[in-house]
Amino acid sequence: MSLWDDLKMQHAAKSGRSLAEMFENEQRFADFSAGFGDMLFDYSKTHIGPDTLSLLLELARNAEVEARREAMFTGAEINETEGRAVLHTALRAPEGPIHVDGEDVMEEVLATRKRMAKFARAVREGDVEGQGGSYTDVVNIGIGGSDLGPAMATLALAPYHDGPRVHYVSNVDGAHIHDTLKGLDPTRTLVIVASKTFTTIETMTNAQTARDWMAEKVDEPGAQFAALSTAADLTAQFGIDPDRVFGFADWVGGRYSLWGPIGLGIMLAVGPEDFDDFLAGGHAMDTHFREADLADNLPVLLALVGIWHNQICGYATRAVLPYDQRLSRLPAYLQQLEMESNGKRVTMEGDDLEVNSGPVVWGEPGTNGQHAFYQLIHQGTRVVPCEFMIAAEGHEPDLAHHHRLLVANCLAQSEALMRGRALEEARALMEAKGLKGHELDRQARHRVFPGNRPSTTLIYPKLTPHVLGQIIALYEHRVFVEGVILGINSFDQWGVELGKELAKSLEPVLRGEDPGTGKDASTRGLVAYYRSRN
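So, a few notes on the structure that sits alongside this text. Model, not experiment: these values are computed from the prediction.

1. Describing the overall build of the protein
The helix and strand tally for the protein stands at 22 helices and 15 strands. Its C-alpha radius of gyration of 25 Å places the protein within 12% of the 24 Å reference for a compact globule of 534 residues. Reported as C-alpha extents along the three principal axes, the dimensions of the protein are approximately 80 × 60 × 60 Å. Counting every position in the protein, which comprises 534 residues, the buried fraction comes to 51%. Once local pairs closer than 6 in sequence are excluded, the contacts in the protein between residues at least 24 apart make up 74%. Put simply, the protein shows about 24300 Å² of open surface, and 50% of that area lies on carbon and sulfur atoms. Positive and negative side-chain charges of the protein, numbering 50 and 75 respectively, have mean locations separated by a distance of 7 Å.

2. With respect to the packing of helix α1 (residues 3–14) against helix α14 (residues 298–312)
Axis angle and axis distance: for two packed helices, these are the angle between their axes and the distance between the axes, and together they describe the pair. At a minimum axis separation of 11 Å, α1 and α14 run at an interaxial angle of 85 degrees. The orientation of α1 relative to α14 falls into the category roughly perpendicular. On α14, the residues touching W4, L7, K8, Q10 and H11 of α1 are I307, W308, Q311 and I312.

3. Focus: the pattern of salt bridges
Pairing is possible between side chains that carry opposite charge, provided their charged atoms lie close to one another. If you walk through the whole model with that rule in mind, you get 23 salt bridges. A salt bridge links E340 to R255, with the shortest nitrogen-to-oxygen separation between them at 3.0 Å. Here R255 lies in the loop between β11 (245–246) and α12 (264–270) and E340 lies in helix α15 (residues 330–342), a separation of 85 residues in the sequence. Close ionic contact of R511 with E513 constitutes a salt bridge, the shortest N to O distance being 3.0 Å. Relative accessible area serves as the criterion here: at 48%, R511 is assigned to the partly exposed category. On the basis of relative accessible area, E513 is assigned to the exposed category, the value being 58%. Where salt bridges share partners, they join R318, E338, E387, R478 and E482 into one cluster.

4. Observations regarding the nonpolar core
Ranked by internal contacts, the top residues of the largest apolar core, which has 117 residues, are M39, W251, Y333, Y460, L468, I471 and I485. When residues in this core are grouped by element, the largest group, 13 residues, is from helix α20 (residues 465–486). If we skip the residues at most four places from it in the chain, I471 touches M39, L330, L458, Y460 and L463. If you look at the next biggest cluster of nonpolar residues, it comprises 21 residues, including V191, V193, F238 and I240.

5. A short note on the sheet that holds strand β10 (residues 225–228)
A sheet is described by the order of its strands in space; here 5 strands give the open sequence β8-β7-β9-β10-β11, paired in parallel fashion. Looking at which strands have only one partner, the edges of the open sheet turn out to be β8 (165–169) and β11. Direction of pairing for β10 relative to β11: parallel, over a ladder of 2 bridges. Within β11, the position partnered with L228 by the bridge is F246.

6. Structural notes on the pairing of strand β9 (residues 189–194)
Counting buried positions over the 6 residues of β9 gives 6, a clear majority of the element. Burial of the side chains of β9 extends over both faces: T189, V191 and V193 are buried on one face and L190, I192 and A194 on the other. Sheet topology places strand β7 (residues 137–141) next to β9; 5 bridges connect them, and they run parallel. The residue of β9 that forms the bridge with N140 is I192. With 4 bridges joining them, β9 and β10 adopt parallel strand pairing. The residue bridging V191 from the neighbouring strand is F225, located in β10. Handedness of the crossover joining β9 and β10 through helix α10 (residues 201–215): right-handed.

7. Describing the packing of aromatic side chains
Applying the stated criterion across every chain, the model contains 14 aromatic pairs. Between the aromatic rings of F32 and Y43, the centroid separation amounts to 5.7 Å while the plane-to-plane angle is 90 degrees, which identifies the pairing as edge-to-face. Note that F32 is positioned in the loop between α3 (28–31) and β1 (33–36) and Y43 in the loop between β2 (39–42) and α4 (50–62), a separation of 11 residues in sequence. On the basis of relative accessible area, F32 is assigned to the buried category, the value being 3%. Accessibility expressed as a relative area gives 2% for Y43, which makes it buried. Look at W362 and F373: their rings are 4.8 Å apart centre to centre, the planes differ by 75 degrees, and that puts the pair in the edge-to-face class. In this pair, W362 is assigned in strand β13 (residues 360–362) and F373 in the loop between β13 and α16 (374–379), connecting sequence segments 11 residues apart. In this structure an aromatic cluster arises from ring pairing among F73, Y256, F289, F480 and F491. In this structure, R69 is placed above the aromatic ring of F289, and the distance from its NZ or CZ to the ring centre is 5.6 Å.

Rules and cut-offs
- Residues numbered from 1 in each chain as written.
- Predicted model: local features only at pLDDT ≥ 70, side-chain atom pairs only at ≥ 80, totals over all residues.
- Heavy atoms only, no water.
- Helix = DSSP H or I, 4+ residues; strand = E, 2+ residues; numbered from the N terminus.
- Rg over C-alpha atoms; globule rule 2.2 N^0.38 Å.
- Buried < 20%, exposed > 50% of the residue type's maximum accessible area, 1.4 Å probe, protein only.
- Contact = heavy atoms within 4.5 Å.
- Areas by Shrake-Rupley, 256 points an atom, 1.4 Å probe, with all protein chains shown as cover.
- Lys, Arg positive; Asp, Glu negative; His and termini not counted.
- Charge placed at Lys NZ, Arg CZ, Asp CG, Glu CD.
- Axes fitted to C-alpha atoms, helices over the stretch in contact; angles between N-to-C directions.
- Parallel < 35°, antiparallel > 145°, perpendicular 65-115°, else oblique.
- Salt bridge = Lys/Arg side-chain N within 4 Å of Asp/Glu carboxyl O.
- Core = buried A, V, L, I, M, F, W, Y, C linked by side-chain atoms within 4.5 Å.
- Pairing = 2+ DSSP bridges.
- Right-handed = clockwise from strand over helix to strand, strands pointing away.
- Phe/Tyr/Trp six-rings, centres within 6.5 Å; stacked < 30°, edge-to-face > 60°.
- Lys NZ or Arg CZ within 6 Å of the ring centre and 35° of its normal.

Pasting the structure below:
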């Protein structure tokens, strides 16, 4: 019998036991929570008990999580399908050496970071300016990992903004670039084009539109562009000065890239010093992940909870619920991080997975979600594990009563999911309202909450650059551990490619230059409708 079978037997044995009963043990919170620095992770409101945790830790050890972890940090080619190292951790390291193929990569990492800081200071202080004067706005054009991470982090660090306004454009839908540029002064706008190859079609389409917009008012539009790319020849053709081109190695995956040049927009918004603090937070979590025992290791514990809920309990989705408006884009960022990384169907060896791969990740910030989808979470027929996040302190001391109410709501929701409301309690409520007989029973049943629904809570002192770095690195390593346990490659994304290839073949069909021979009847019908309107 495998460990997977043992864990499923554990789940079957525990499924009838309520979480409320498990809290009869006064030590439960202490036994099933863990800290790192001032950060606390509580997973006591799950059905994981001592025996289950032991099996989960054994599962991690049998998968050789520790050895794979060391291989990642030391530059081994753990992205085996692409023959690459996975070293986004180097982007936030303060020093080297860190070797890839015998070469210390930190010299280039640190040099690029220094160039980024010099450029950011020059823009922020007005030493580098546009045709109309110092830059008031920055427009970052990218997509996927070249957009979602820095856009999320820039919003999260709003209290630290003291530079130009930073905007992000990703969608090839013309509405996105149009609505972003509308109202901006092209003579005082810096445009950053984020594409490693400088060929990403959505990004380059938006970049050309921004260049055309700028050319209407600016004599040399290329002079107001920067590039986050390794394609020096293409950026030069676009008119971008080499001093404003910041490249990064192929061992940095897109969804892990905000720590380096892709994070230039963050640095322009908050300044190099706060950006360095952000990197330091990520590096601190790296050190914890690399050195802490598995049983006390926050990324490992978060991963094991995820494995328990998805692969063992069969809960297909995971709700990420930050009670912080400035983390409103974090669920979308984690959606990409998890689903692009672990949305696989074969193992490293190319064999079919014998268990489910990663879950569907979704969510919204609290308290907004409480007035939207929490109804399904509390009383729906499907169990949705919830991951709450909350800061102990907000950034607005004069609005401390707002934050106290926010914290109260966050803690109340996890308590309500765990406790629920029994029929007898609901009946008592209806009797107090004077209801009797069938109407009492009918109304009471509508007010029953099954409870026994799992959740975790991550609580941290305040959303600073350092803490944000810790949170992002925590989830990066969580995804890595889950992938190792599943035996998959978390660092390629071949599932993104087929749709791209088909889109390229369809564009000439939509223009009427290709008859679309070989396309299915549905696609031909949709093309015909489009062409009838254009």
